[in-house]
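Close look at the chain arrangement
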Amino acid sequence: MAMTDDASPRDRLLDAAAQLFYRDGVSIGVEALCRAAGVSKRSMYQLFESKDEMLAASLERQLPRYEAQLAPGPEDAGSPRERILHVFERLEKVSVAADYHGCRYLAALVELKDPEHPASVVARAGKERLKSIFRTQAERGGARDPELLARQLLLVFDGASARAGARVEVLDDGLATATAVALLDAAGVK
């Protein structure tokens, strides 16, 4: 994310937070965040009560981009099965980028460990939204148990994302999509 000189201090902080937290993890220090944003610590604390609040705001701000990156487009574009598979195909495409470190929302949940942390709340909501998309499409596609299928798909998505982000798995061979296909077939999704 390129930061521009005309961006507000708040926007520069949120941009720096998104970039550094994703690349280096949530333990990045306030000094480094402020330096990267070109904002003083005093200004940061005038804009945010804490680093935790800034991390939560940064994750919240990234949600539309995250969803747009995975979304198949308008509601009438494809069958429920195609719409679900589109998410896995997009994951496979983005996972091969050199700067891919996995799902930022899963990473925040794993790193923070505290379910009450403000950023954990935002990250969990982001993951729940993806599960809800899977469930809705599973229902529309006639899945025998849409909730179970949504949970299974999210498990595959998160596992594939984490393994690709850690560079222990390569997804450019269609493994994530093939696994989703197997689940969709077993669930009877058309």
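Going by the structure above, here's the rest.
Heads up: these notes are all about the structure in this document. Everything numeric in this text was worked out from a predicted model, so none of it was measured. (Residues numbered from 1 in each chain as written. Predicted model: local features only at pLDDT ≥ 70, side-chain atom pairs only at ≥ 80, totals over all residues. Heavy atoms only, no water.)

Re the overall build of the protein
The helix and strand tally for the protein stands at nine helices and zero strands. Across the protein, helices and strands are ordered from the amino to the carboxyl terminus as α-α-α-α-α-α-α-α-α. Compactness check: the protein gives a C-alpha radius of gyration of 18 Å against a globular reference of 16 Å for 190 residues, within 12% of the reference. Taken along the three principal axes of its C-alpha coordinates, the protein extends 55 × 30 × 30 Å. At a minimum sequence separation of 6, the contacts of the protein that also span at least 24 residues come to 65%. Only carbon and sulfur atoms are counted for the fraction: they give 53% of the accessible area of the protein, which is about 9700 Å². Counting 26 positive and 29 negative side-chain charges, the protein places the centres of these two groups 1 Å from one another. (Helix = DSSP H or I, 4+ residues; strand = E, 2+ residues; numbered from the N terminus. Rg over C-alpha atoms; globule rule 2.2 N^0.38 Å. Contact = heavy atoms within 4.5 Å. Areas by Shrake-Rupley, 256 points an atom, 1.4 Å probe, with all protein chains shown as cover. Lys, Arg positive; Asp, Glu negative; His and termini not counted. Charge placed at Lys NZ, Arg CZ, Asp CG, Glu CD.)

What to know about the side chain of Asp-15
Along the chain, Asp-15 turns up in helix α1 (residues 9-24). Of the residues examined, Asp-15 reaches a relative accessible area of 11% and is grouped as buried. Within polar-contact distance, the side chain of Asp-15 engages the side chain of Arg-61 at 2.7 Å. (Buried < 20%, exposed > 50% of the residue type's maximum accessible area, 1.4 Å probe, protein only. Polar contact = N/O pair within 3.5 Å; in protein donor to acceptor, adjacent residues only side chain to side chain.)

A closer look at the environment of Glu-169
With respect to the helices, strands and loops of the structure, Glu-169 is situated in the loop between α8 (146-165) and α9 (175-187). Placed 88 residues apart in sequence, Glu-169 and Arg-81 show a C-alpha to C-alpha distance of 25 Å. Setting aside anything within four residues of it in sequence, one finds Glu-169 in contact with Arg-163, Ala-164 and Leu-175.

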